[in-house]
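# Architecture at a glance
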Amino acid sequence: MVGYAFMGAAHSQAWRTVNRVYDLPARARMVLVAGRDPGKVAEAADRLGWEEHTTDWRELVARPDIDVVDICTPGDSHAEIALAALAAGKHVLCEKPLANTVAEAREMAAAAAVARAGGARSMCGFNYRRVPAVTLMRQLVADGRLGEIRHVRASYLQDWIVDPQFPLVWRLRKDLAGSGALGDIGAHIIDLTQYVTGQRITGVSAVTETFVKERPLPAESSGLAAQADGAAAATGPVTVDDAAVFVARLDGGSLATYEATRFATGRKNALRVEINGSLGSVAFDLERLNELEFYDATRPTAEQGFSRILVTEGEHPYLSAWWPPGHIIGYEHSFTHQMRDFIEAVATGVDPTPSFAEALQVQLVLDAVVRSAERGSSWTDVEPTLATVAA
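Heads up: these notes are all about the structure in this document. (Residues numbered from 1 in each chain as written. Predicted model: local features only at pLDDT ≥ 70, side-chain atom pairs only at ≥ 80, totals over all residues. Heavy atoms only, no water.)

### Some details on the overall build of the chain
Using the following cut-off: Secondary structure is summarised from DSSP: a helix means a run of H or I of at least four residues, a strand means a run of E of at least two, and numbering begins at the N terminus for each. Atoms considered for the radius of gyration are the C-alpha atoms alone. The globule rule reads 2.2 Å times the number of residues to the power 0.38. Per-residue accessibility, obtained with a 1.4 Å probe over protein chains only, is compared with the maximum for each type, and a residue is labelled buried under 20%, exposed over 50%, and partly exposed between these values. In what follows, a contact means two residues having at least one pair of non-hydrogen atoms within 4.5 Å. A 1.4 Å probe and the Shrake-Rupley method give the accessible areas. Residues count as covered only by the protein chains that appear here.
Scanning the chain from N- to C-terminus turns up 11 helices and 16 strands. The C-alpha radius of gyration of the chain comes to 21 Å, within 12% of the 21 Å expected for a compact globule of 391 residues. Each of the three principal axes of the chain carries a C-alpha extent, and together these read 65 × 50 × 45 Å. Counting all 391 residues of the chain, 55% fall into the buried class. Excluding contacts between residues fewer than 6 apart, the proportion of contacts in the chain whose partners are at least 24 apart in sequence is 70%. Summing over all exposed atoms, the chain offers an accessible surface of approximately 16,600 Å²; the carbon and sulfur share of this is 51%.

Shown next, in the form of structure tokens:
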């Protein structure tokens, strides 16, 4: 694994847990973790359960006893690491968004297609697909329970940079993060709605805003809980969006609205998706992760109303290996489910999803949003993925 901070810790817990919960055709052995700081990566290896550590990610790629490279770094290094790992015949799991630019994402998807011919598999880590309630939501749509899908509305609201004195961490720098709320959390709801509906976004009209344009320099490069350097008065420019809002059309005829912001005061990790169809509606709220709201318009009028489905039954997706009905699971379980699907696919020679090609399509939507916002919210078509990549 490359990187050991927030996502590295989440992935590590999943790697440690997955074979203790699921009966899989292969076992994960946590061999080597890479990070830039010798002391911190050594401490992380011990804390997170890795056998060895290194300050050079190229060591992972070169070692013959390593089959999988898991990329948990900022977006500016995704392409370089993934391309090297795929060229070396490694299976690759890469955190979202796939890259910082469409050009990088296209190169990664093309490399994944070539590597696939040699048996190397690749997947992008959109973990919210693996929340059981979300997978059930997709099943309800696929089974026709909602009828013709007409409306999609999605929002992802956070507030961790509301304070203008919060420091200029890497997520607020375009050279490292690619974009702000749009790529960080907007990518999740783009992928999630397309996954649930089976439809693809074809065009957008967007607006973005950066509310705080200068921030104090951080004491050190860090993440969501960073501290400003109190001894330094220096500031730097915020080069990403703080918020992005857009409307979209999907290729199945649906109308959609999206909002991604890190300035929704009081909202910590509020992801919500609602789908309205001709026969019913379904809604998911990440802060009520074990539940779905379902409205069945085919029932008699006197019995209609949103019902709460508690997604904890053994026949619900992923849950047969966990607890008795009614015993809820949490955020971290989505990563365990992600590793389960990845291991099972690699071990059985099946392509895991979402593929790099699917992640490229999300990147193309992000790019269309940026271009629309730059052009005064003009309608902007989403560029198609290359046929050679999609294959």
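### Considering the pattern of salt bridges
Under the convention used in this document: We count a salt bridge whenever a side-chain nitrogen from Lys or Arg sits within 4 Å of a carboxyl oxygen from Asp or Glu.
Under the counting rule described, the total for this entry stands at 29 salt bridges. Overlapping salt bridges, with partners in common, bring together Glu 52, Glu 59, Arg 63 and Asp 65 in one network.

### Regarding the nonpolar core
The nonpolar side chains of a soluble globular protein tend to be buried with one another. Convention followed: Each nonpolar core is a collection of buried residues, namely Ala, Val, Leu, Ile, Met, Phe, Trp, Tyr and Cys, held together in the definition by side-chain atoms within 4.5 Å.
In terms of nonpolar packing, the biggest core is built from 109 residues, with Tyr 258 and Phe 356 touching the most fellow members. Ranked by size, the runner-up nonpolar core spans 10 residues in total, among them Trp 160, Leu 168, Val 169 and Phe 263.

### Some points on the packing of helix 6 (residues 132-142) against helix 8 (residues 181-197)
As a reminder, the rule being used: Lines fitted to C-alpha atoms define the axes, with helix axes restricted to the stretch in contact, and inter-axis angles between N-to-C directions lie between 0 and 180 degrees. Any angle between 65 and 115 degrees counts as roughly perpendicular, while under 35 counts as roughly parallel, over 145 as roughly antiparallel, and the rest as oblique. Residue type decides the class: Asp, Glu, Lys and Arg count as charged, Ala, Val, Leu, Ile, Met, Phe, Trp, Tyr, Cys and Pro as nonpolar, and the leftover types, Gly among them, as polar.
For the pair helix 6 and helix 8, interaxial distance at closest approach is 7 Å and the crossing angle is 40°. Considering the angle they form, helix 6 stands oblique to helix 8. Where helix 6 abuts helix 8, its residues Val 134, Thr 135, Met 137, Arg 138 and Val 141 lie against Leu 192, Tyr 195, Val 196 and Thr 197. Taken together, the residues of the contact of helix 6 with helix 8 break down into six nonpolar, two polar and one charged.

### Details of unusual backbone geometry
In the segment running from Lys 96 into Pro 97, the intervening peptide bond is cis, with an omega of -20°. The omega torsion across Thr 353 and Pro 354 is 0°, close enough to zero to call that bond cis. Relative to the helices and strands, Pro 354 resides in the loop between helix 9 (331-348) and helix 10 (356-374). Positive phi, close to 70°, is recorded for Tyr 318, a residue that is not glycine. Counting through the fold element by element, Tyr 318 comes out in the loop between strand 15 (307-310) and helix 9. The class of Tyr 318 is buried, set by a relative accessible area of 12%. With a phi angle near 70°, Ser 377 is a residue other than glycine that sits in the positive phi range. Of note, Ser 377 is situated in the loop between helix 10 and strand 16 (380-381).

### Section: the sheet that holds strand 4 (residues 91-95)
Applicable threshold: What makes two strands pair is DSSP finding at least two bridges between them.
The parallel open sheet is built from three strands, whose spatial order is 3-4-5. Edge positions in the open sheet fall to strand 3 (68-71) and strand 5 (122-125), since each of these has one partner strand only. The mean angle between the axes of side-by-side strands here comes to 10°, regardless of whether they run parallel or antiparallel.

Geometric values such as these leave the question of function open.
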